[in-house]
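# Results of the structural survey
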Amino acid sequence: MRDVLFDLADRVANGETVGVGTVVATFSSAPRPAGAAMLVTRDGEAVGSVSGGCVEGAVYDLAQNTDEPVLQRYGVSDDDAFSVGLTCGGIIDIFVEKIDAESFPQLTEVVETVRAEEPVAVATVIEHPDGIGRRLVIWPDRRDGTLGSARIDDAVTDDARGMLASGRSGVLRYGPDGQRRGEGLSVFVNSFEPPPRMLVFGAIDFAAAMARLGAFLGYRVTVCDARPVFATKSRFPEADEVVVDWPHRYLEREAAKLDERTVIAVLTHDPKFDVPLLEVALRLKVGYIGAMGSRRTHDDRTRRLREAGVSESELARLASPIGLDLGARTPEETAVSIAAEIIALRWKGSGRRLVDLGEPIHH
């Protein structure tokens, strides 16, 4: 939904009613995650994607031809699977609704929160005996709207804040009045957490390529270097910020703002920068720490880190030499190699060619 949220808000602000299809659940080899969304505008334009092309046509027709919200399942076992194009073997549940200023009065505030890079979750009833489509917007310290009763609102608020803290979107299930046990009520929680951080240390050409790719992957990218002549915005236009400071000092200041989604790429391969920086980085709860350099550089770096008191368990977190073996030569190819390693570790991929594997593509 983040991909189309601003477009949706602009259209609603101009008085338009917009059809929205949102992936709320996936099973097996579904190509798009929960939260992916597609808009169907008043003039017939489709914006965004819910399946990478598999069922967009069917969702488009449903969004145009229905005024009431509906939860629709698409799967390869359906009789019309091939007619809607879902031949990948997966199953997806898509919630289709019409959104306007009356049905989603909190939309502007949600957009303002997302623009400010602050967390917010939108909870929507997608299954209930008394009807679907009711909405509750949840911030860490308040909420607005209702899902039907105070008991439901309280239960969903507690659970949604837990999902928001970990950046997860998905379906919560309760009894009809929000009972912890039972069934009959399904609520989709769409979490809008701030974008993950990518910290790139070393203002070199490899860092410029890494900043471009990091921005493309949705990271908030910071490039940091102690040398002001190299750390300039003109050299790194894709970075969200360029910082002139000693890397370890900057990382110490930022430590409290980082989380387990944060990626740290150390591209300086200079021990006077690398060692104090990695001493700090390897003790933080971040998702990935990689350092560029040859195997000889790596051996020298780990020796220096051990002498500085870094433990073996902390050293085991270091991806060095950085990246996957793609045969990369150019800065752009090297950035792809690093990004491939980050993605593989995040989703527990093998890094092998899919043609050589027999298991499902999506774990």
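Residues numbered from 1 in each chain as written. Predicted model: local features only at pLDDT ≥ 70, side-chain atom pairs only at ≥ 80, totals over all residues. Heavy atoms only, no water.

## As for the side chain of Thr268
Following the sequence through the fold, Thr268 ends up in the loop between β14 (263–266) and α8 (271–281). On the accessibility criterion, Thr268 (12% relative accessible area) is buried. If we ignore the near neighbours within four places in the chain, the residues touching Thr268 are Phe201, Gly202, Phe273 and Asp274. (Helix = DSSP H or I, 4+ residues; strand = E, 2+ residues; numbered from the N terminus. Buried < 20%, exposed > 50% of the residue type's maximum accessible area, 1.4 Å probe, protein only. Contact = heavy atoms within 4.5 Å.)

## What about the layout of surface pockets?
Of the volumes computed, that of the second largest pocket is approximately 300 Å³. Pro321, Ile322, Ala328, Thr334 and Ser337 are the residues nearest the centre of the second largest pocket, which is lined by 15 residues in total. When its residues are assigned to classes, the lining of the second largest pocket shows seven nonpolar, five polar and three charged. (1 Å grid on protein atoms, 1.4 Å probe; cavity = no way out; pocket = protein on both sides within 12 Å on 5 of 7 lines; lining within 4 Å. Points joined across faces, edges and corners; volume = space filled by probe spheres on them. Nonpolar A, V, L, I, M, F, W, Y, C, P; charged D, E, K, R; others polar.)

## Re empty space enclosed by the protein
Under the defined criterion, the tally for this structure stands at one cavity of 30 Å³ or more. Its volume calculated, the largest cavity comes out at about 150 Å³. As for the largest cavity, its lining consists of 18 residues, and the residues nearest its centre are Met1, Glu97, Val122, Thr124 and Asn190. Listing elements by their share of the lining of the largest cavity, those giving two or more residues are α1 (2–13), β1 (18–27), β5 (91–99), α4 (107–115), β6 (120–127) and β10 (185–192). A per-class count over the lining of the largest cavity returns 13 nonpolar, three polar and two charged.

## Considerations on the nonpolar core
Burial of nonpolar side chains together is a common tendency in soluble globular proteins. Counting 26 residues, the largest nonpolar core has Met198, Val200, Met210, Val221 and Leu267 as its most contacted members. Counting only elements with at least two residues in this core, the list comes to β11 (197–201), α6 (205–216), β12 (220–225), β14 and α11 (331–347). For this core, the element with the highest residue contribution is α6, accounting for six residues. For Met198, the residues in contact, after removing those within four places along its chain, are Met210, Gly214, Tyr219, Arg220, Val221, Thr222, Val263 and Ile342. Grouped together as the second largest cluster of nonpolar side chains are 23 residues, Val266, Leu282, Ile289 and Leu305 included. (Core = buried A, V, L, I, M, F, W, Y, C linked by side-chain atoms within 4.5 Å.)

## Some points on the UniProt feature "domain: XdhC Rossmann" (unreviewed entry) in the protein
When the UniProt feature table is mapped onto this chain numbering, "domain: XdhC Rossmann" (unreviewed entry) sits at residues 198–342. As annotated, residues 198–342 has a helix share of 41% and a strand share of 17%, and its two end C-alpha atoms lie 11 Å apart. (UniProt positions renumbered as here; feature names shortened; annotations may be inferred.)

## A closer look at the sheet that holds strand β9 (residues 170–174)
Backbone-to-backbone hydrogen bonds join strands into a sheet, with any given pair of strands oriented parallel or antiparallel. Taken together, the five strands give an open sheet; going across it, the order is β8-β7-β6-β10-β9, and neighbouring strands pair in antiparallel fashion. What marks the edges here is a single partner per strand, and that holds for β8 (143–145) and β9. Direction aside, neighbouring strands of the sheet carry axes that sit 25 degrees apart on average. With seven bridges connecting them, β6 and β10 associate as antiparallel partners. Residue pairing across strands places Val122 opposite Asn190, the latter belonging to β10. (Pairing = 2+ DSSP bridges. Axes fitted to C-alpha atoms, helices over the stretch in contact; angles between N-to-C directions.)

## Things to note about the pattern of salt bridges
Applying the stated criterion across every chain yields a total of 27 salt bridges. Arg249 is paired through a salt bridge with Asp245; the nearest N and O atoms lie 2.9 Å apart. The class for Asp245 is buried, based on a relative accessible area of 10%. Between Arg306 and Glu312 there is a salt bridge, with the nearest N and O atoms lying 2.6 Å from each other. What emerges from the salt-bridge pattern is a single network uniting Glu117, Arg197, Arg220, Glu241, Glu254 and Lys257. (Salt bridge = Lys/Arg side-chain N within 4 Å of Asp/Glu carboxyl O.)

## Digging into unusual backbone geometry
The amide bond that connects Ser320 to the next residue, Pro321, takes the cis arrangement and shows omega of -5 degrees. Along the chain, Pro321 falls in the loop between β16 (318–319) and α11. Located in the positive-phi region is Glu117, a residue other than glycine, with phi close to 55 degrees. Along the chain, Glu117 turns up in the loop between α4 and β6. At His269, a position not held by glycine, the phi torsion is positive, near 35 degrees. In this fold, His269 is placed in the loop between β14 and α8. Classification of His269 by relative accessible area gives partly exposed; the value is 41%.

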